[in-house]
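# Observations on the model geometry
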Amino acid sequence: MKDLPQSVFVVDDDDAVRDSLRLLLKSAGMACEVFASAQEFLTSYEPAHPGCLVLDVRMPGMSGLEMQQELNLRGAMIPVIFITGHGDIPMAVEAMQHGAFDFLQKPFRDQELLDRVQRALARDTENRTRLRHTDKIRERLATLSPREREVLDLVTQGKANKMVAGDLGVSQRTVEIHRAHVMQKMEAGSLAELVRMMMAVAPPR
Amino acid sequence: MGAPTADVLALLEATFDAVVIMDDRGRISAFNRAAEEMFGYRAADALGRNVSMLMTSSDRAEHDEHLRRYLTGGEARILGKGRDVRVRHRDGSEFSVFLSVGQIPDTQPPQFVGFLHDTSLRRKALATLEQERQLNRLYLDLAQVMLVATDRAGVVQLVNQRAIRVLRMNSPQIVNISWIDNCVAPEDRAIARNAFRALLMSGGDEPQSCEYHVRSSEGEDRFITWRGVALRDTNNVATGVMLSGEDITDQRRAESEAHRALERMNNVSRLATMGEMAAGISHELNQPLAAIANYAQACSRFLRRPEPDMPEISGALEQISGQALRAGEIIRRIRSLVRNEDVRRESQNINDLIREVHALLASDARVHDGRLELDLAESLPKVTVDGVQIQQVLMNLVHNAFEAQGSDSARTQLNGTPFEVRIATRTTDGGDVEVSVSDFGPGLIGEVEQKIFEPFFTTKPTGTGLGLAISRSIIKAHDARLGYRANQPRGACFYFVLPAQLEASR
């Protein structure tokens, strides 16, 4: 499943602002999809679709902030750039605290928006790559037998085969065989690579 | 028994007191003219008879006994002392006299002379005096003001009930103590002392005024406005002061509350108007401005391409002009918002509206040390207005008027002329209702008069320049005009004429 092209999703209730943003992004050669409300966006949003979100803070119905919270609940990791009017700084601060990528006060220079959009898209790519990588590791981990998983955990803690054999109450030879299977199934070329893989999928502390 | 000599008789006849002489057995030997008048007996009838006939029955029985005891070397009951006794008129009525008795020297057997002074008149006078005193006390105690008299050292001589109640002390606690040191709140003692001194030194009888707090025995401070006069003796030397004080604590509190309410109302309306308008304007205008900026920047980018996308560019240009018009429309909408075109209009008596805000405005006047006068014509036709809006206009105009007179330069110029603002209503020749707010300040000078109604024009350091502009648009929304004319003899006059309501719809 190779990448879909990236899109900039614009959500703004003001027709003129929304349309002008579409045109501006288009003039910079970016693919763009526009939505008039948070509900409209959430209905059609496909998390697999890479891109970033340009979101008006102040909208009737579901506000930009509420939409951000909804996305967080859904576990979506799309970067969000908030657009605020004058006097909406407290809202912008709140948005940043909830993990917004950036915010912009309107009216703004085109380059300010485009730079932020570029960075947000780059972040999205990064996120997705990392996500794909960890997904793969998890798939491989799932193929290990319980004994192989035990050996992997002890080996990646830095224990030598002899110690692992002692811990598990098996012969050193048996450990060596399990370990070879682990390296093969995890597609790891070295112990160091195996350790990096385990760190990537480890729950954050 | 020797008869009185001629010169003694002359003396007896000349004295106002009744004189009766008797011998050692109580027999009357002289009875002067005053005695004749007092008792109703002629001297000829009295002479030789026992003096007991002039006495009441209770005294009569004892008299001979007293006399006998004295003559046998006993005590003198009355001799040389004198006392009040009851005596008996010939017609049987009894009355009081002051009787003094003396033994006539060198008489043997002894003779006695009695002087009788009619005290019923004196008694009556004393009774009248006592009555008057009680009445005065009653006056003092009935008075709704505090009354305090002190001597010239400031020691309390007299207080009335009202003062006792305010001070929560009883009369003996207050009398004979220093007024200022015991009853005046410590912070105000200097003020009270100065006022007291000024009062003692004042020449005329004109009462002098001052205001200070008294402190009750329970520690409560009450704010009192005093009027005082110096008390003088017959040589016109001040012997003390008499103070009459009115407790205005509650009144002041109510006024300052009214004033705070006014301040709040001013602030709220100003802040609300300005704040909401500013937020509204900025947000509303921001949208088209942001769109215009985006479209224009997109156009530049398209134009930098080797083959510009002309349809997109021309579409964007159309959008730009459309958004600029939208911004203009927003501004027009804000202006009509200020005009408040869909307000609630009701048939009103303009005088009632003015009286309703009078308390608030009077409090404003007090803050500026001025006076607010109402000059309202009776039987005005009714007008159809939004009462609250018209009241806002009035408050704005009155506030401006006091501020115009309140500046230091204006005060110097005023110097003697009344520092007052006048709200007047009248029926115009055309039968409509004119409302005017006049002051005696410097008036509008030169170009100020031209610009005074322009939004954001202000002569005040902290003014917004919106008060008159908003007032004018409110009045305009009532099909009237807020105008300015010079006040006579000086000052400014803002006025507006509201159309009279048609007779049929009254």
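To keep things clear, this report deals only with the structure shown in the data block. (Residues numbered from 1 in each chain as written. Chains lettered and ligands numbered in written order. Predicted model: local features only at pLDDT ≥ 70, side-chain atom pairs only at ≥ 80, totals over all residues. Heavy atoms only, no water.)

Let us now look at the packing of helix α6 (residues 146-156) of chain A against helix α7 (residues 161-168) of chain A. Residue and element names in this part refer to chain A. Across the interface, α6 lies against α7 with an axial gap of 10 Å and an inter-helix angle of 130°. It follows that α6 is oblique to α7 by the angle criterion. In this structure, α6 crosses over α7, and the sense of that crossing is right-handed. Note on element contacts: α7 touches α6 through Val164, Asp167 and Leu168, opposite Arg147, Glu150, Val151, Leu154 and Val155. By residue class, the composition of the contact of α6 with α7 is 5 nonpolar, no polar and 3 charged. (Axes fitted to C-alpha atoms, helices over the stretch in contact; angles between N-to-C directions. Helix = DSSP H or I, 4+ residues; strand = E, 2+ residues; numbered from the N terminus. Parallel < 35°, antiparallel > 145°, perpendicular 65-115°, else oblique. Left-handed = near helix turned anticlockwise from the far one by under 90°. Contact = heavy atoms within 4.5 Å. Nonpolar A, V, L, I, M, F, W, Y, C, P; charged D, E, K, R; others polar.)

Residues and elements named next belong to chain B. Across the sheet, which stays open at both edges, the 5 strands sit in the order β2-β1-β5-β4-β3 with antiparallel pairing between neighbours. The open sheet has two edge strands with one neighbour each: β2 (28-31) and β3 (83-88). The mean angle between the axes of side-by-side strands here comes to 35°, regardless of whether they run parallel or antiparallel. Looking at chain direction, strand β1 (residues 18-22) and β2 are connected through 3 bridges and run antiparallel. Across the sheet, the residue bridging to methionine 22 is isoleucine 28, located in β2. Contacts from helix α4 (residues 57-71) reach β1, β3, β4 (94-104) and β5 (111-118) within the one sheet, and its direction differs from that of β5 by about 140°. (Pairing = 2+ DSSP bridges.)

On to the interface of chain A and chain B, then. Residue-level contacts link 23 residues of chain A with 21 residues of chain B. When chain A packs against chain B, the two sides together hide about 1900 Å² of surface, and 51% of this comes from carbon and sulfur. Summed over the shared surface of chain A and chain B, the number is 4 salt bridges. Note that glutamate 312 of chain B and arginine 22 of chain A form a salt bridge whose closest N and O atoms lie 3.9 Å from each other. Inspection of the chain A/chain B interface yields 11 residue pairs in polar contact (both at pLDDT 80 or more). At the level of secondary structure, the elements contributing two or more residues to the side of chain A that touches chain B comprise α1 (15-27) and α5 (110-142) of chain A. (Buried area = accessible area lost by both parts, 1.4 Å probe. Salt bridge = Lys/Arg side-chain N within 4 Å of Asp/Glu carboxyl O. Polar contact = N/O pair within 3.5 Å; in protein donor to acceptor, adjacent residues only side chain to side chain.)

With that out of the way, let us pick up the packing of aromatic side chains. In total, this model carries 10 aromatic pairs over all chains according to the counting rule given. Between phenylalanine 9 of chain A and phenylalanine 41 of chain A, the aromatic rings sit 5.6 Å apart at their centres with planes inclined by 65°, giving edge-to-face as the arrangement. Of the two residues, phenylalanine 9 of chain A sits in strand β1 (residues 7-11) while phenylalanine 41 of chain A sits in helix α2 (residues 38-44), which places them 32 residues apart along the sequence. You'll find phenylalanine 9 of chain A and phenylalanine 41 of chain A in the same group, each marked buried. Seen from their ring centres, phenylalanine 41 of chain A and tyrosine 45 of chain A are 4.9 Å apart, and the 25° between their planes marks the pair as stacked. Assessed through its relative accessible area of 10%, tyrosine 45 of chain A is described here as buried. Three or more aromatic residues joined by ring pairs make a cluster, and in this case those are Phe9, Phe35, Phe41 and Tyr45 of chain A. If you follow arginine 485 of chain B out to its NZ or CZ, it ends over the ring of tyrosine 495 of chain B, 4.4 Å from the centre. (Phe/Tyr/Trp six-rings, centres within 6.5 Å; stacked < 30°, edge-to-face > 60°. Buried < 20%, exposed > 50% of the residue type's maximum accessible area, 1.4 Å probe, protein only. Lys NZ or Arg CZ within 6 Å of the ring centre and 35° of its normal.)

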